[in-house]
Structure formats: structure tokens, C-alpha cells
Amino acid sequence: ASFDDLPTRMIELPDGKQSVDLVELVLKYREQLNWSHTNNGELAAFIAYCQAFPTGVLALVDTYDTLVSGIPNFILCALAMNEIGYKALGIRLDSGDLAYLSLEARKMFRFVQEKFNIPGLATWLKIVASNDIGEDTLYALNQQGHSIDTFGIGTHLVTCQNQPALGCVYKLVEFDGHPRIKLSQEINKVSIPGKKILFRLFGRAGFPLVDLMLTTEEVEKYGEPKPGERVMCRHPLDPTKRVVCVPTQVLQLLECIWEGKPNISIPSITEVRSIAMKELTSLRHDHVRYLNPTPYKVSVSELLFETMHDLWRQEAPIAELS
């Protein structure tokens, strides 16, 4: 492919009243920058792209060589388009070392911005990265440092490879006013019996310390946990793990949203996301960090612990050895 393969060398100006020779403009900048080494076929393709979508040029620059040809060819077109009143959008990186290539691309943008005195060019030209990007890649890129503005996430967004299925199981916890328990040889599948109310206890620093489950009966009889009062928090499964908490703030988390029909207006997906992000920012950093996060405590009251383990002993069959 070459410039002779282009159907036309011309491009219509933004006002639509006249056209100019885009190839001539691009080659002018190529000569000024002494970038004659770039691939002609790729440059011709970028010119055709500019002619077809003058206000939406986002060029994939890794067809031949990202740094030697792709980015320089895009810059030549961006400079020519800027001269006649159009602004190219930027580039897309789809292979190679994305962090390194993005930093080098931004350096090249700054270089031509200064050389041709075009304020803001290195900022308005965006760098988009793709290539099977997932959570691990995003974390690694942020650790390395990069100059990427936008991530194109496709496969990992729609396939959820780290959690391919969301397991949801209905477990009965009360029947006819009596608590019920589900036992299992896998201890983490043992259910916590009875009708419960959930509270979040906050510490002096303003962060949540623990979420605490109490039976509805004990809340009705003794009241909910109060700031400044000592509260015993038990691990639901391990009798050796317990902690006394003196909260500075107590927040009831459980809200009934369905009694034969919805009790609340259903929030939009945007509102749900906003609430989730706000809740995440309320947690201590070590609970939400990517590597080795500190487990967040979810505990039961002393009464609920005793109720659960009494029922567990009653319902668990006794094995016989002979």
C-alpha cells in the first residue's frame, strides 16, 4: 500500500466550504521531523482514517512497530489535522509493554507540542490501552507507573474469570418461630440460626471495626448496642476467638426491603455503584488492599453464639466407632 492507493488526497475542512491536500500536509511534517523511516502503508491507512472520521481519529499503532512507526505516523497525521482545524483523539496500544510504551508515547507528544508550539497537545491526545486487560494487569500497571488515560476492558469484564459464577444458596434459619441450623462437613457451610439483626460498630478513628449479628429477641429485650458500652463479639465458628468492642458509633445495617412486594424504590445501577464505592472508601485501607487484605470481622453476640452451638450439638449426629 502507498499514497497512490488512496481514493483521494483531499480532506474537507471543518467549515465544509473547501478541501485541502491532506497527504501534502502530512508529508510536510514528516520532512520537518525527519521521520522518513516510518511505514508508508500504515501512514496511508492513517490518512484514509482521518479522511473518513476527521473528528474521531483514535489510531491503533502496533501494526508494525509501535515506537518506530505507529506513534510517529499518528503524530504526523495529528499535526496535519490540527493545522486545518481538527483534533485527533489519540492512540490505542494493544500489545507489548503497555506501561513503557505509554510513557514513551507521552514523551513524543510533549516533544512535538514544544517543537511546533501547540499548547495542550500532549494532554488532549489520549492513550488507550487494551489487550486482555484484567484486574491483575491494572494493579501491575499502577505499581509500575504509566501514562494511560483509558483502559479498554472486554473479555475480563463480560466473563468474570476470577469469579466465573456467583454462588447463592437459600438456607432456612427459622421455622414456625424456632431457630434452625444447616450442618455440613465443610465448616464454612454451617449456617447461623435464627432471625437476626446486623449492626456495624465503629472505632475512634471513624473506621468500622466489626459487623455484629444479634438475635431479634435479644435486641427487643436488651436493646441494640450503644456507643461507649462494652460489647462482646464472638467468632461464629471458633470459640477461642472473641473480642470486646467499645464502639464510638453504631449503625444498623439490616433493612427489610421485601414483604410480599418491594418496600423501597429500586435504585438505579449508577446509584448502586455509587453506594458501593462509598462503602468501600469507609473501610480501612488494609481491608481493601489488593495483596493480603486484612479479613474484616463479622461476629455474633454471646447469646447468638450459645444458641448456635447448643443447636449444633443437638442436631449433629453422634458417630459410633467399633
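Residues numbered from 1 in each chain as written. Predicted model: local features only at pLDDT ≥ 70, side-chain atom pairs only at ≥ 80, totals over all residues. Heavy atoms only, no water.

**Regarding the overall build of the chain**
- What the chain contains, in helices and strands, is 11 helices and 14 strands.
- Taking 2.2 N^0.38 as the reference for a compact globule, 322 residues should give roughly 20 Å; the C-alpha atoms of the chain span a radius of gyration of 31 Å, well beyond that estimate.
- Across its three principal directions, the C-alpha atoms of the chain cover 90 × 55 × 40 Å.
- Within the span of the chain, comprising 322 residues, buried residues form 35% of the whole.
- Of the contacts made within the chain by residues no fewer than 6 positions apart, 59% connect residues no fewer than 24 positions apart.
- For the chain, the exposed area adds up to about 20,200 Å²; of that, 54% sits on carbon and sulfur atoms. (Helix = DSSP H or I, 4+ residues; strand = E, 2+ residues; numbered from the N terminus. Rg over C-alpha atoms; globule rule 2.2 N^0.38 Å. Buried < 20%, exposed > 50% of the residue type's maximum accessible area, 1.4 Å probe, protein only. Contact = heavy atoms within 4.5 Å. Areas by Shrake-Rupley, 256 points an atom, 1.4 Å probe, with all protein chains shown as cover.)

**Re the pairing of strand S4 (residues 90-93)**
- Relative to S4, strand S3 (residues 58-60) runs parallel, the two sharing three bridges. In the strand pairing of S4, Leu58 is matched with Gly90.
- Following the chain from S3 across helix H3 (residues 66-83) to the adjacent parallel S4, one finds a crossover that is right-handed.
- Note that S4 and strand S5 (residues 126-129) share four bridges and pair parallel. Across the sheet, Ile91 pairs through a bridge with Ile127, a residue of S5. (Pairing = 2+ DSSP bridges. Right-handed = clockwise from strand over helix to strand, strands pointing away.)

**Some points on the nonpolar core**
- Ile47, Phe74, Ile75, Leu79, Ile91 and Phe109 are the most contacted members of the largest nonpolar core, which has 51 residues in total.
- Broken down by element, this core gets its largest block of residues, nine residues, from H3.
- What Ile47 contacts, discounting residues up to four positions off in sequence, is Phe3, Leu6, Leu22, Val23, Val26 and Cys77.
- Listed in part, the 11 residues of the second largest apolar core include Val210, Leu214, Val231 and Cys233. (Core = buried A, V, L, I, M, F, W, Y, C linked by side-chain atoms within 4.5 Å.)

**Some thoughts on the side chain of Ser301**
- As for its position among the elements, Ser301 is in the loop between strand S14 (297-300) and helix H11 (302-315).
- A distance of 3.1 Å separates a polar atom in the side chain of Ser301 from the backbone nitrogen of Leu304.
- In this structure Ser301 touches Leu212, Met213, Leu214, Glu218, Met232 and Arg234, once residues within four positions along its chain are discounted. (Polar contact = N/O pair within 3.5 Å; in protein donor to acceptor, adjacent residues only side chain to side chain.)

**Quick notes on the packing of H3 against helix H4 (residues 98-115)**
- Where H3 meets H4, the axes come as close as 11 Å, and the angle between the chain directions of the two elements is 40°. Between H3 and H4 lies a crossing whose hand is right-handed. Two secondary-structure elements touch here, H3 through Thr66, Leu67, Ile71, Pro72, Phe74, Ile75 and Leu79 and H4 through Tyr100, Leu101, Glu104, Ala105, Met108, Phe109 and Val112.
- Taken together, the residues of the contact of H3 with H4 sort by class into 12 nonpolar, one polar and one charged. (Axes fitted to C-alpha atoms, helices over the stretch in contact; angles between N-to-C directions. Left-handed = near helix turned anticlockwise from the far one by under 90°. Nonpolar A, V, L, I, M, F, W, Y, C, P; charged D, E, K, R; others polar.)

**Here's the deal with the pattern of salt bridges**
- If you walk through the whole model with that rule in mind, you get 10 salt bridges.
- Close ionic contact of Arg92 with Asp94 constitutes a salt bridge, the shortest N to O distance being 3.5 Å.
- Judged by relative accessible area, Arg92 falls into the partly exposed class, the value being 28%.
- Glu104 is the partner of Lys107 in a salt bridge, and the nearest nitrogen-oxygen pair spans 3.1 Å. Here the residue Lys107 and the residue Glu104 both occupy positions in helix H4, the gap between them amounting to three residues, near one helical turn. (Salt bridge = Lys/Arg side-chain N within 4 Å of Asp/Glu carboxyl O.)

**Overview of a nonpolar patch on the surface**
- On the surface, a nonpolar cluster with roughly 440 Å² of combined accessible area is contributed by Ile257, Trp258, Ile264 and Ile266.
- Note that Ile264 resides in the loop between strand S13 (249-252) and helix H9 (269-281). (Patch = residues over 30% accessible without salt bridge, like charges linked within 9 Å, V, L, I, M, F, W, Y side chains within 5 Å.)

**Here we look at the packing of aromatic side chains**
- Applying the stated rule across the entire model yields four aromatic pairs.
- Between Tyr139 and Tyr290, the aromatic rings sit 4.4 Å apart at their centres with planes inclined by 25°, giving stacked as the arrangement. Separated by 151 residues along the polypeptide, Tyr139 in helix H6 (residues 135-144) and Tyr290 in the loop between helix H10 (285-288) and S14 bring together distant segments of the chain.
- Exposure remark for Tyr139: the relative accessible area of 28% places this residue in the partly exposed category.
- Its relative accessible area of 31% is what places Tyr290 among the partly exposed residues.
- Lying across the ring of Phe305, Arg234 places its NZ or CZ 3.9 Å from the centre. (Phe/Tyr/Trp six-rings, centres within 6.5 Å; stacked < 30°, edge-to-face > 60°. Lys NZ or Arg CZ within 6 Å of the ring centre and 35° of its normal.)

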